[in-house]
Amino acid sequence: MYARFGAYGSRHSTIKTILSFPGPNFLGSCSFQTQAARHKEVRCISFFKLFRLEPSSADSAGLSFRSLAFWQTFWTELCTVHHTFRKHFAMVQRSVKVAVGASVLAVLYFQFASYRLSDEAYVQLIDYISSHRAEADVSRRTELLRDLRSGWSVVEPGAGTAANLALFPPGVELDYIAAEPKAPFHPHIDAALANHTNIRGRVTDWKIEHLQIEDNSVDAVIVTHVLCSVDDQAAALREVYRVLKPNGKLYFLEHVAADSQTGTRTLQHWLRGALMQLLGCDPERETVRPIVEVFGMDNVQFEWFQSEIPLAVFRPHIAGFATKSSV
């Protein structure tokens, strides 16, 4: 706001003062005219236009410059204008935040959609996640694997850093094969095996769809966060079924699709393409269905639960075991 003063004349001359305000249709310009000290009269034309009052109406209402009613009306309307301005400014501010947030998400989405983690970066990510699991998730894995017995032969496709070895029952002696097709994981597996001398283990580069093992030769197969990334879940599970002995068990813990018509499922759907490109992981897999199809409904026991993983798209989980029939 600024004031510009016009010509100054004698005591009985007209003094013109023009007040300019930023923005159209605000208070506009006010013309003050005085002819004598006792006959000062102020008319604020644009002010009354703002209030939808004509000058004649203002005169009849007695709203002169000197009246208390004038200043009460002025202050009330000024507060209304201020409140309205703040309200609209807050709305604009929220709209700008939403627009900026949506733009950032869009940029990240299209960046991820065209980018894939290298094997080395993927190994570092998995190693970090394995070493920072929530206590509840570690306890659930430990409970899942407590049935492993000494003398068993165990295969773990997609072993990663072999973090599950630390969760095996203490002192259990078994033959262990880590089938990990990504070579950068192999040094981590060797280091883990070196810390568990009671486990006779070796590392291979087999994929879960092509396990180079004879039929009916394995007591247990362990898959944790593996079936989300295979091309064909049914084919992978049929291969597992083939190598298991009669009454052999598949132990599984996998993140799965959330319930339909939920916000998490919508988020999984939106991010599916980017996550598959970036991590090779499909967050919308309904993994229970192919497990039941391959092993049979009566041979599968599992539970649904919400993991404590920070990312909502990976929280819906299942854990349990499937038993190969003895016939």
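Quick note: structure is the one above.
Asker: Can you break down unusual backbone geometry residue by residue, with the values?
Answerer: Positioned with a positive phi, His 225 is a non-glycine residue whose angle comes to about 55°. Secondary-structure assignment places His 225 in the loop between β8 (218-224) and α7 (233-243). The backbone phi angle of Asn 247 is positive, close to 70°, even though this residue is not glycine. Positionally, Asn 247 belongs in strand β9 (residues 244-255).

Asker: Go over the sheet that holds strand β5 (residues 153-157), please, and point to the residues and values.
Answerer: Spatially, β7-β6-β5-β8-β9-β11-β10 is the arrangement adopted by the seven strands of the open sheet, whose pairing is mixed. Whereas interior strands pair on both sides, the edge strands pair on one side only; in this sheet they are β7 (199-204) and β10 (300-306). If you compare each strand with its neighbour and ignore which way they point, the axes differ by 15° on average. Across two bridges, the pairing between β5 and β8 is parallel. Bridge pairing in β8 places Val 155 opposite Val 221. Strands β9, β10 and β11 (316-323) of the sheet are contacted by helix α9 (residues 288-295), whose axis makes an angle of about 175° with β10.

Asker: Describe the pattern of salt bridges, listing the residues and the values that go with them.
Answerer: All told, the structure shown has 13 salt bridges when counted by the stated rule. Here Arg 140 ties to Glu 303 by a salt bridge, and the two come within 2.6 Å at their closest N and O atoms. A residue pair is termed long-range when its members are at least 10 positions apart, and Arg 140 in helix α5 (residues 135-144) and Glu 303 in strand β10 qualify at 163 residues. For Asp 219, the salt bridge identified is with Lys 245, shortest N-O distance 3.4 Å. With Asp 219 in strand β8 and Lys 245 in strand β9, this pair connects stretches of sequence that are 26 residues apart. Overall, Asp 219 belongs to the buried group, its relative accessible area being 17%. Each of Arg 265, Arg 272, Asp 282, Glu 284, Arg 285, Glu 286 and Arg 289 takes part in salt bridges that share partners, so that together they form one network.

Asker: Explain the nonpolar core to me, using residue names and the numbers behind them.
Answerer: Judged by nonpolar contacts, the single largest core of 29 residues is most densely connected at Ile 208, Val 221, Val 223, Leu 250, Phe 252, Ile 291 and Phe 295. With five residues, α9 is the largest single contributor of residues to this core. The contacts of Phe 295, once residues within four sequence positions are left out, are Leu 237, Val 240, Tyr 241, Leu 244, Leu 250, Val 300, Ala 322, Thr 323 and Lys 324. Core analysis: the next-biggest nonpolar cluster, separate from the first, contains 24 residues, Leu 145, Val 154, Phe 168 and Tyr 251 among them.

Asker: Residue-level account of the side chain of Glu 254, with values.
Answerer: Within the secondary structure, Glu 254 is located in strand β9. Despite being buried, Glu 254 has no salt bridge partner; Arg 285 is the closest side chain of opposite charge, sitting 7.9 Å away. Sequence-distant contacts of Glu 254, defined by excluding residues within four places in its chain, comprise Val 223, Thr 224, His 225, Val 226, Leu 227, Cys 228, Pro 316, His 317 and Ile 318.

Asker: So what's going on with the packing of α7 against α9? Which residues, and what values?
Answerer: Remark: α7 packs on α9, axes separated minimally by 9 Å, with the N-to-C direction vectors making an angle of 40°. Our classification of the angle between α7 and α9 gives oblique. Classified by chirality, the crossing of α9 by α7 is right-handed. Here Gln 233, Ala 234, Leu 237, Arg 238, Val 240 and Tyr 241 of α7 come into contact with α9, specifically with Pro 290, Ile 291, Val 294 and Phe 295. Residue composition of the contact of α7 with α9, by class: eight nonpolar, one polar and one charged.

Asker: Break down the pairing of β9 for me, with residues and values.
Answerer: When a strand is regular, its side chains alternate between the sheet's two faces. Two elements, β8 and β9, share six bridges in a ladder whose sense is parallel. Paired with Val 221 across the two strands is Leu 250, which belongs to β9. Once you follow β8 into α7 and on to β9, the crossover reads as right-handed. Two strands pair when backbone bridges link them, and β9 and β11 are joined in this way by seven bridges, in the antiparallel orientation. Across the sheet, the residue bridging to His 255 is His 317, located in β11.

Conventions we followed
Residues numbered from 1 in each chain as written. Predicted model: local features only at pLDDT ≥ 70, side-chain atom pairs only at ≥ 80, totals over all residues. Heavy atoms only, no water. Helix = DSSP H or I, 4+ residues; strand = E, 2+ residues; numbered from the N terminus. Pairing = 2+ DSSP bridges. Axes fitted to C-alpha atoms, helices over the stretch in contact; angles between N-to-C directions. Contact = heavy atoms within 4.5 Å. Salt bridge = Lys/Arg side-chain N within 4 Å of Asp/Glu carboxyl O. Buried < 20%, exposed > 50% of the residue type's maximum accessible area, 1.4 Å probe, protein only. Core = buried A, V, L, I, M, F, W, Y, C linked by side-chain atoms within 4.5 Å. Lys, Arg positive; Asp, Glu negative; His and termini not counted. Parallel < 35°, antiparallel > 145°, perpendicular 65-115°, else oblique. Left-handed = near helix turned anticlockwise from the far one by under 90°. Nonpolar A, V, L, I, M, F, W, Y, C, P; charged D, E, K, R; others polar. Right-handed = clockwise from strand over helix to strand, strands pointing away.

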